[in-house]
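Report on the structure
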Amino acid sequence: MARQKLDRAEAEKALAGLDGWQFARAGNAIERRFTFRDFNEAFGFMARVALTAEKLDHHPEWTNVYNKVDVVLSTHDAGGLTQLDFKLARRMNALAGK
Ligand SMILES: C[C@H](O)[C@H](O)[C@H]1CNC2=NC(N)=NC(=O)C2=N1
């Protein structure tokens, strides 16, 4: 199911189809930095992602400094990566246009 922890091979396969993301936290998370033109663009992205995250009931760990948004995705309930992390990552790429 969506919240079932993926094994390493499944996670590698999912990551291979995902632009800009890499493993973090010993393979239990994925991370990406999004860079925008300015703070307005970065915060607009975060606002759009927030609505998607609520719909999915799956939420990013992230920090924002001016035009940069650093994101870490992991499924806390599962103690690692699940399909939900990759679903949210794909949505984030689409919302960033990257
Ligand atoms: C009760 C609620 O469904 C859970 O706490 C959800 C909320 N958002 C979540 N987000 C993330 N990233 N991981 C989770 O395990 C998680 N669990």
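Below is a short write-up of the structure. Note that this is a predicted model, so its numbers are computed, not measured.

1. Description of the site of the ligand
Near the ligand, the surroundings consist of Arg3, Asp57, His58, His59, Ser74, Thr75, His76 and Asp77. Separating an oxygen atom of the ligand from a side-chain N or O atom of Asp57 is a distance of 2.3 Å. Note that an oxygen atom of the ligand is positioned 3.1 Å from one of the backbone N or O atoms of His76. For the ligand, whose accessible area on its own is 390 Å², the fraction buried by protein is 67%.

2. Brief notes about the sheet that holds strand β1 (residues 22-24)
The strands that make up a sheet pair up through hydrogen bonds in the backbone, lying either parallel or antiparallel. The strand order across the open sheet built from 4 strands is β1-β2-β4-β3, with neighbouring strands paired in antiparallel fashion. Only two strands of the sheet have a single partner each, and these edge strands are β1 and β3 (61-65). Recorded for the sheet is a direction-independent mean angle of 25° between the axes of neighbouring strands. Across the face of the sheet, helix α1 (residues 8-16) comes into contact with β1 and β2 (29-35) while running at roughly 140° to β1. On top of the sheet, helix α2 (residues 39-56) reaches β2, β3 and β4 (68-73); it is set at about 160° to β3, its chief contact.

3. Remarks on the environment of Arg33
Considering the arrangement of structural elements, one finds Arg33 in strand β2. The class of Arg33 is partly exposed, set by a relative accessible area of 47%. Sequence-wise, Arg33 and Arg48 are 15 residues apart; in three dimensions their C-alpha atoms are separated by 16 Å. When near neighbours in sequence (up to four residues on either side) are disregarded, Arg33 contacts Lys68, Val69 and Asp70. Of the polar contacts made by the side chain of Arg33, one reaches the side chain of Asp70; its length is 2.7 Å.

4. Quick look at the side chain of Thr52
Examined against the element boundaries, Thr52 turns out to sit in helix α2. Setting aside residues no more than four positions away along its own chain, Thr52 makes contact with Leu88, Arg91 and Leu95.

About the thresholds
Residues numbered from 1 in each chain as written. Predicted model: local features only at pLDDT ≥ 70, side-chain atom pairs only at ≥ 80, totals over all residues. Heavy atoms only, no water. Near = heavy atom within 4 Å. Polar contact = N/O pair within 3.5 Å; in protein donor to acceptor, adjacent residues only side chain to side chain. Areas by Shrake-Rupley, 256 points an atom, 1.4 Å probe, with all protein chains shown as cover. Pairing = 2+ DSSP bridges. Helix = DSSP H or I, 4+ residues; strand = E, 2+ residues; numbered from the N terminus. Axes fitted to C-alpha atoms, helices over the stretch in contact; angles between N-to-C directions. Contact = heavy atoms within 4.5 Å. Buried < 20%, exposed > 50% of the residue type's maximum accessible area, 1.4 Å probe, protein only.

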